[in-house]
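Listed below are the residues making up each chain.
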Amino acid sequence: MDRRIRYFIEDYWDIFIGIASIALAVMFNAQQESSLSTLFAAIGIAALSLTVAEVADILSERLHEPYGSFVLTFSAVAVEIILLYVILLEVRHSPEVLETVKGGIISAVIVDLNVLLGLAVFLGGLAYTQQQHNKETSSAYSTVLFVASSALLVPGLLSHTESGSASLTHVSHLIAGVLLLFYIIIFIFQTRTHTHFFKATARSRFFRLKRKLQEEEDGEIDENESSDYIFEHLSTPINFMAIFGFIAIIAFGAEIFAGNGVVIAREHGISAGLAGLVIAIISVSPEIFTAVRAARNDQIQRVVNIAMGASTVSIILTVPILMMLAYFSGINLTLDFNPLQIGALLLTILLVWKTTDEGETNYFEGASHMMFFLSYAIISAYY
């Protein structure tokens, strides 16, 4: 195969597969082939989400931290919100879909903090034995995640009292408002007053520099020619427009995925928890590739920023936005998560805190997160 053709395929396979898969999903949907349309819609969403992550990664390099991680997390959370909202609209035909949406909200955090962080830390640990990051980052995010998760306990506790559904709805709206206010405070904290909390420390940068110098001496680094990837040569505003364009196509595929996926889940008796995990994995998959690549490049600070930043946004921004969209769509979405979801969320945050509190990670800690996720996935399938 010609070298240029091979590079072209390597650079743009995700765009072609994504668009082609969604086109096939549309065709099979018209033929009422629910299984095939759902499968190709999922493939298309995952492939184009990877494109969104690639473009967001380019933008993050230009914007630097902490703004770079903002772009990466928001691009992924946008896909998550679209998927969950389109599935939420199916509640008019299938009331049980509400539990799937709730499971998707919690599962997004579970996947971010166990699969994304765990796999990246595991592979990075195998490559470098030990990696250093700014422990202030994980400390701040752990605090935010613990407080936000505790806030989600309130509606769940209220659902076990004699209060009626009207009170539960009212409290859920209040908690969503509190989370949105908390996000505004965090945004100021991260971008104005304490930006140094979210950047690599001098110590971690020093370790990376030492490794790079050693690799250069050993002749392991080759100087590559400048990339021909088109998005690296486009301006920042045009790249943002490209991201929005790809997200629009993803939304089109999500409508097919939601409509047929709900039917398939009902026919095969798939639990709401397991369905939520599938949704979370599809929406988080591009971030996983980005984080693994960063870990393999000894950029563990970026991994921490992506995993914990995306988890934070998934709770304190996704929840208020979904609540608002549900309200204007005439859907009563409440935040009474079940004990398994809240318990797994709090245990995950505790595990993340223990993994990152010293500012160093290794492959054993990554393996621990993946073992926790497997256990959660098994119980979710039968809960």
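Read on for an overview of the structure. Please read all numbers here as calculations on a predicted model, not as lab measurements.

### Considerations on the pattern of salt bridges
- Within the structure shown, the criterion is met by three salt bridges.
- Ionic pairing is found between Glu 54 and Arg 293, a salt bridge with its closest N-O pair at 3.6 Å. With Glu 54 in helix α2 (residues 34–63) and Arg 293 in helix α9 (residues 272–296), this pair connects stretches of sequence that are 239 residues apart.
- In this structure Arg 293 comes out as partly exposed when scored by relative accessible area, which is 32%.
- Lys 102 is paired through a salt bridge with Asp 336; the nearest N and O atoms lie 2.6 Å apart. With Lys 102 in helix α4 (residues 97–128) and Asp 336 in the loop between α11 (318–328) and α12 (339–356), this residue pair connects regions lying 234 residues apart in the sequence.
- Lys 102 gets classed as buried once you look at its relative accessible area, which sits at 3%.
- Shared partners join several salt bridges into a network, and the residues in it are Glu 99, Lys 102 and Asp 336.

### Things to note about the packing of aromatic side chains
- Throughout the structure, instances matching the rule amount to four aromatic pairs.
- Here Phe 231 and Phe 246 contribute two aromatic rings whose centre-to-centre distance is 6.1 Å and whose plane-to-plane angle is 70 degrees, an arrangement assigned as edge-to-face. With Phe 231 in the loop between α7 (202–217) and α8 (236–268) and Phe 246 in helix α8, this pair connects stretches of sequence that are 15 residues apart. Accessibility classification places Phe 231 together with Phe 246 in one group, the buried group.

### Quick look at helix α10 (residues 300–316)
- For α10, built from 17 residues, the straight-helix expectation of 24 Å at 1.5 Å per residue is met to within 8% by its first-to-last C-alpha distance of 24 Å.
- Of all 17 residues in α10, 17 are buried, a share of seventy percent or more.

### Side note on helix α5 (residues 135–158)
- Here α5 contains 24 residues, and its C-alpha end-to-end distance of 36 Å stays within 8% of the 34 Å for a straight helix at 1.5 Å per residue.
- N-capping of α5 is provided by Asn 134, with a side-chain oxygen placed 3.0 Å from the backbone N of Glu 136.

### Observations concerning the packing of α9 against helix α13 (residues 363–382)
- The geometry of α9 relative to α13 is characterised by a closest axis approach of 7 Å and an angle of 135 degrees between their N-to-C directions. Comparing the axis directions of α9 and α13 gives the class oblique. Contacts from Gly 273, Leu 274, Leu 277 and Ile 281 of α9 reach α13 at Phe 373, Tyr 376, Ala 377, Ser 380 and Ala 381.
- Residues of the contact of α9 with α13, tallied by class, amount to seven nonpolar, two polar and no charged.

### A closer look at the environment of Leu 158
- Inspection of the secondary structure assignment puts Leu 158 in helix α5.
- A sequence separation of 178 residues divides Leu 158 from Asp 336, and the C-alpha atoms of the two residues are 8.0 Å apart.
- Filtering out sequence-adjacent residues up to four positions away, Leu 158 remains in contact with Ser 163, Ser 167, Leu 168 and Val 171.

### A short note on the nonpolar core
- In this structure, Leu 152 and Phe 257 are the most contacted members of the largest nonpolar core, which totals 101 residues.
- Element by element, the count of residues in this core is highest for α4, at 15 residues.

### Remarks on unusual backbone geometry
- Backbone geometry places Gln 32, a non-glycine residue, at a positive phi of 60 degrees.
- Tracing the backbone shows Gln 32 in the loop between α1 (3–30) and α2.

### Describing the side chain of Ser 142
- Along the chain, Ser 142 turns up in helix α5.
- What makes Ser 142 buried here is its relative accessible area of 7%.
- Excluding residues within four positions of it along the chain, Ser 142 makes contact with Met 308, Ile 349 and Trp 353.

Calculation rules
- Residues numbered from 1 in each chain as written.
- Predicted model: local features only at pLDDT ≥ 70, side-chain atom pairs only at ≥ 80, totals over all residues.
- Heavy atoms only, no water.
- Salt bridge = Lys/Arg side-chain N within 4 Å of Asp/Glu carboxyl O.
- Helix = DSSP H or I, 4+ residues; strand = E, 2+ residues; numbered from the N terminus.
- Buried < 20%, exposed > 50% of the residue type's maximum accessible area, 1.4 Å probe, protein only.
- Phe/Tyr/Trp six-rings, centres within 6.5 Å; stacked < 30°, edge-to-face > 60°.
- Expected span 1.5 Å × (residues − 1).
- Polar contact = N/O pair within 3.5 Å; in protein donor to acceptor, adjacent residues only side chain to side chain.
- Axes fitted to C-alpha atoms, helices over the stretch in contact; angles between N-to-C directions.
- Parallel < 35°, antiparallel > 145°, perpendicular 65-115°, else oblique.
- Contact = heavy atoms within 4.5 Å.
- Nonpolar A, V, L, I, M, F, W, Y, C, P; charged D, E, K, R; others polar.
- Core = buried A, V, L, I, M, F, W, Y, C linked by side-chain atoms within 4.5 Å.

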